[in-house]
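What follows is each chain in one-letter form.
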Amino acid sequence: MMKRECPASSSLPARMRLTDSFGRVIDYLRLSVTDRCNLRCSYCMRRDVTFLPKADVLSLEELDALCQTFIRLGVRKLRLTGGEPFARSGIMNLVEGLGRRLADGGFDELTLTTNGLLLPKFAAGLARAGVRRINVSLDTLDRDRFRALTGFDGLERVVAGIDAARASGIAVRVNTVALGGINEDEYDTLLAWCGEHDCDMALIELMPIGAGTARPQQRFLPLDRVRRRLEAHWRLEPLSWRSGGPAEYVRVAATGRRLGFIAAISHGFCRECNRIRLSCSGVLVPCLAHGDGIDLRRLLRENGSEAAVDAAIVAAVLSKPEEHRFSVAPATVAAPVRCMWQMGG
Ligand code: SAM
Ligand code: SF4
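What you see is a predicted model, and the numbers here were worked out from it, not measured in a lab.

So, how was this worked out
Residues numbered from 1 in each chain as written. Chains lettered and ligands numbered in written order. Predicted model: local features only at pLDDT ≥ 70, side-chain atom pairs only at ≥ 80, totals over all residues. Heavy atoms only, no water. Helix = DSSP H or I, 4+ residues; strand = E, 2+ residues; numbered from the N terminus. Buried < 20%, exposed > 50% of the residue type's maximum accessible area, 1.4 Å probe, protein only. Contact = heavy atoms within 4.5 Å. Near = heavy atom within 4 Å. Nonpolar A, V, L, I, M, F, W, Y, C, P; charged D, E, K, R; others polar. Core = buried A, V, L, I, M, F, W, Y, C linked by side-chain atoms within 4.5 Å. Polar contact = N/O pair within 3.5 Å; in protein donor to acceptor, adjacent residues only side chain to side chain. Areas by Shrake-Rupley, 256 points an atom, 1.4 Å probe, with all protein chains shown as cover. Phe/Tyr/Trp six-rings, centres within 6.5 Å; stacked < 30°, edge-to-face > 60°. Lys NZ or Arg CZ within 6 Å of the ring centre and 35° of its normal. Pairing = 2+ DSSP bridges. Axes fitted to C-alpha atoms, helices over the stretch in contact; angles between N-to-C directions. pLDDT = per-residue confidence, 0-100.

**A few points about unusual backbone geometry**
With an omega dihedral of 25°, the bond running from Gly 82 to Gly 83 counts as a cis peptide bond. Relative to the elements of secondary structure, Gly 83 occurs in the loop between strand S4 (77-81) and helix H2 (91-103). One non-glycine residue, Asp 198, lies in positive phi territory at about 60°. By secondary structure assignment, the location of Asp 198 is in the loop between helix H6 (187-196) and strand S8 (200-205). Of the residues examined, Asp 198 reaches a relative accessible area of 39% and is grouped as partly exposed. With a phi angle near 55°, Asn 303 is a residue other than glycine that sits in the positive phi range. Inspection of the secondary structure puts Asn 303 in the loop between helix H9 (296-301) and helix H10 (306-318).

Laid out in structure tokens, this is it:
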């Protein structure tokens, strides 16, 4: 891709498009609202994880102020994630505030990624705030395996959460990380289950990030192989539909539901990347796999002017690399020390 110059922040129009130096329009922000979680998925978080001190985590007011800034700078889609977003107390105040901005036409979509445990409590409120679709992570339908993988006997609650979301009119995509030797015998079952529960599904390649850096080459399962196995039992029809994220979709003929493949490692999707991430401590991360990011919390807390915050965001977007260099090869597995749960997976 050809590198381009970007406008100086002082010349930002009132409503702009954030464009990186490779010409990609950045209009999708993933926001980690907390690093805490009520599960400990073995590929994501170590069981003895140390969380950030509360003072280092952005307050709900700071999160809201930064969302408003990103919306002003052209972000059209916001995804709240974590950690577990519902583990953040007061999260619905943020959701409701953003919902009002959504209703005003300030941006196009407010969505969320959750492990689903607390959805029975929050699904109706999400729907009232204008959330129309969410992703729920579910790697297994086997109760014992769920407990072993996450450290908690919560499968029933996640299923109840998915049903509550559907009953509230929220579309659900079930996210399943392909874990070699752990859940690879379940994709047919999960696909059928999603059909019965009116959900789309996405399979995700394990990334060498967070606790996923521990022996990823042994658990990594390329999605091409998974797809070939599925095609032995299911007719998968290619679809040009995109959700605004990285998944490539097919329609499962037997259920009529969509199945997405998020092949971050084996295929990569950097050419169309439209995303930036804000960590729960206010670090703006242009790419999961590169660099240290830009500290917006310090700017906010030092009473940085609107122009200074805008300029920092533009600089972060300009520093977005052309592509990630994730690999599951043994020589590189230690490279990214980032964690999905802090950066906003
Ligand atoms: N707690 C919420 C959940 O699990 O949905 C939101 C945060 S979680 C970090 C977001 C997504 O990242 C989940 O779908 C999870 O499976 C995925 N994830 C975590 N670590 C990963 C890794 N090493 N490789 C690929 N996906 C990962
Ligand atoms: Fe928690 Fe989500 Fe990570 Fe699992 S994947 S430990 S639910 S943040």
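**Overview of the environment of Asp 108**
With respect to the helices and strands, Asp 108 occurs in the loop between H2 and strand S5 (109-114). Residues Asp 108 and Arg 76 lie 32 residues apart in sequence; the distance between their C-alpha atoms is 5.1 Å. Ignoring sequence-local partners within four residues, the contact set of Asp 108 consists of Arg 76 and Leu 102.

**Quick notes on the site of ligand 2**
Around ligand 2 sit eight residues, and of these Cys 37, Leu 39, Cys 41, Cys 44 and Asn 115 come closest. Of the residues contributing to the shell around ligand 2, the split by class is five nonpolar, two polar and one charged.

**Focus on the nonpolar core**
With 94 residues, the main nonpolar core has Phe 70, Leu 80, Leu 126, Ile 134 and Leu 259 as its most contacted residues. Beyond its immediate sequence surroundings of up to four residues, Leu 259 is in contact with Leu 191, Met 201, Leu 203, Leu 230, Leu 236, Glu 248, Tyr 249, Val 250 and Val 252. Among the nonpolar cores identified, the runner-up in size contains six residues, and Met 207, Ile 209, Phe 220 and Ile 265 belong to it.

**Considering the site of ligand 1**
Close to ligand 1 lie 19 residues; Tyr 43, Gly 83, Thr 114, Ser 137 and Met 207 are nearest. Contacts to ligand 1 include Ser 137, whose side-chain N or O atom sits 2.5 Å from an oxygen atom. At a separation of 2.8 Å, a nitrogen atom of ligand 1 approaches a polar backbone atom of Met 207. Contact with the protein chains removes 95% of the 550 Å² of surface that ligand 1 exposes when unbound. Residue assignment for the shell around ligand 1 shows that the elements contributing at least two residues are S5 and strand S7 (171-178).

**Some details on the packing of aromatic side chains**
To describe a pair of aromatic rings, one takes the distance between the centres and the angle between the planes. One pass over the structure, following the stated rule, counts two aromatic pairs. Aromatic side chains Phe 86 and Phe 122 sit 4.7 Å apart centroid to centroid with 10° between the ring planes, which places their arrangement in the stacked category. Note that Phe 86 is positioned in the loop between S4 and H2 and Phe 122 in helix H3 (residues 119-128), a separation of 36 residues in sequence. By relative accessible area, Phe 86 is classed as buried at 5%. Above the face of the Tyr 28 ring, Lys 77 is positioned so that its terminal group lies 4.6 Å from the ring centre.

**Digging into the sheet that holds strand S3 (residues 28-32)**
Taken together, the twelve strands give an open sheet; going across it, the order is S9-S10-S11-S8-S7-S6-S5-S4-S3-S12-S13-S14, and neighbouring strands pair in mixed fashion. The open sheet is flanked by strand S9 (236-238) and strand S14 (294-295), the only strands paired with a single partner. As paired elements, S9 and strand S10 (residues 248-252) share three bridges and run antiparallel to each other. For Glu 237, the partnering residue across the bridge sits in S10 and is Arg 251. Where helix H8 (residues 223-231) meets the sheet, it contacts S7, S8, S9, S10 and strand S11 (258-262), and its direction lies at approximately 140° from that of S8.

**Observations regarding the confidence of the model for the protein chain**
Mean pLDDT for the protein chain: 88, with 86% of residues reaching 70 or above. Long-range and interchain partners of residues 4-12, a stretch whose pLDDT sits below 50, account for nine contacts in this model, where long-range means more than four residues apart. Ignoring residues within four places in sequence, the model shows residues 330-337, a span with pLDDT below 50, making nine contacts including any to other chains.

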